[in-house]
Amino acid sequence: MEYTELMNEFAGRVGLTDPSPIEDGTCRFDIDGMVVNFVEVSETRQLATWAAHTSEREELAAEAERGLLEIKKYRLLESEISTRQIVDYSAVVVKCMPFGCFVEIPELAVSGLVHISQLSHRFVRFNESDQSLSAPGESWHVGDRLRVQVARVDFQNRRIDFVPVRERTFGNKRKGRR
């Protein structure tokens, strides 16, 4: 349990219990069999205020940290495009829609869209019954793995577009998912 959670729980319990005055002017609280003394009851109110303030600050710090990590990830992907050092990523299909499939790259913890026009050169159909996409000889379902590359990063709108990595064909043989 984190310090602020402990403080919040403590202050909540203290606020619910009735303090027992002791002859030296302190107040005694019985919390789960543990007796705790405070100089004044006003200090418990101050403790609750501090605990709430500390929790708010921790939440803000955690949110700022998540935002900073997201910015760094987008900058990394943008730099791959600008330096033309495109990396192949292993992605997992997390949702299929009529316009494409959303994929997540677990190693970066980012997600984005593979547009339907990038999935196949043939007509791709959205199957509403099982929430999948299919083209002649190919299909994409939630949970499928595919290799993708970053095609575009829209930093302002926090969107990433991916393209599937096409397997190279030699001669007349075609490789693909069936």
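Rules used in this analysis
- Residues numbered from 1 in each chain as written.
- Predicted model: local features only at pLDDT ≥ 70, side-chain atom pairs only at ≥ 80, totals over all residues.
- Heavy atoms only, no water.
- Pairing = 2+ DSSP bridges.
- Helix = DSSP H or I, 4+ residues; strand = E, 2+ residues; numbered from the N terminus.
- Axes fitted to C-alpha atoms, helices over the stretch in contact; angles between N-to-C directions.
- Salt bridge = Lys/Arg side-chain N within 4 Å of Asp/Glu carboxyl O.
- Phe/Tyr/Trp six-rings, centres within 6.5 Å; stacked < 30°, edge-to-face > 60°.
- Buried < 20%, exposed > 50% of the residue type's maximum accessible area, 1.4 Å probe, protein only.
- Polar contact = N/O pair within 3.5 Å; in protein donor to acceptor, adjacent residues only side chain to side chain.
- Contact = heavy atoms within 4.5 Å.

Peer 1: Any details on the sheet that holds strand 10 (residues 145–154)? Residues and values, ideally.
Peer 2: Pairing is mixed in the closed barrel, where five strands are placed in the order 4-5-6-11-10. Each adjacent strand pair in this sheet contributes to an overall mean axis angle of 50°, direction not counted. When strand 4 (residues 89–97) meets strand 10, the two strands line up antiparallel, connected through four bridges. Directly across from Ala91, in strand 10, lies its bridge partner Leu146.

Peer 1: So what about the sheet that holds strand 8 (residues 132–135)? Which residues, and what values?
Peer 2: Strand order across the open sheet formed by three strands is 7-8-9, with antiparallel pairing between neighbours. Both edges of this open sheet fall to strand 7 (125–127) and strand 9 (138–140), since each of them pairs with a single strand only. Geometrically, the sheet is characterised by an average inter-axis angle of 25° between neighbouring strands, direction not taken into account.

Peer 1: Give me the lowdown on the pattern of salt bridges, citing residues and values where you can.
Peer 2: Inspection of every chain in the model, using the stated rule, returns three salt bridges. The closest approach of N and O atoms between Glu70 and Arg158, which form a salt bridge, is 3.6 Å. Of this pair, Glu70 sits in helix 2 (residues 41–82) while Arg158 is found in the loop between strand 10 and strand 11 (159–164), placing the two residues 88 residues apart along the sequence.

Peer 1: Any details on the packing of aromatic side chains? Residues and values, ideally.
Peer 2: Across all of its chains, the model carries two aromatic pairs by this definition. Consider the rings of Tyr74 and Phe155, whose centres lie 6.0 Å apart with planes at 80°: the pair is edge-to-face. Placement of Tyr74 in helix 2 and of Phe155 in the loop between strand 10 and strand 11 is noted, with a sequence separation of 81 residues between them. Overall, the relative accessible area of 5% leaves Tyr74 in the buried class. In this structure Phe155 comes out as buried when scored by relative accessible area, which is 17%. Arranged with centres 6.0 Å apart and planes meeting at 90°, the rings of Phe99 and Phe102 form a pair that is edge-to-face.

Peer 1: Can you explain the side chain of Ser120? Please cite residues and give values.
Peer 2: Within the secondary structure layout, Ser120 lies in the loop between helix 3 (116–119) and strand 7. The exposure class of Ser120 is buried, given its relative accessible area of 9%. At a separation of 3.1 Å, a polar atom in the side chain of Ser120 contacts the main-chain amide nitrogen of Arg122. At 3.1 Å, the side chain of Ser120 forms a polar contact with the side chain of Glu138. Apart from residues no more than four positions distant in its own chain, Ser120 is found in contact with Ala135, Glu138, Trp140 and Arg166.

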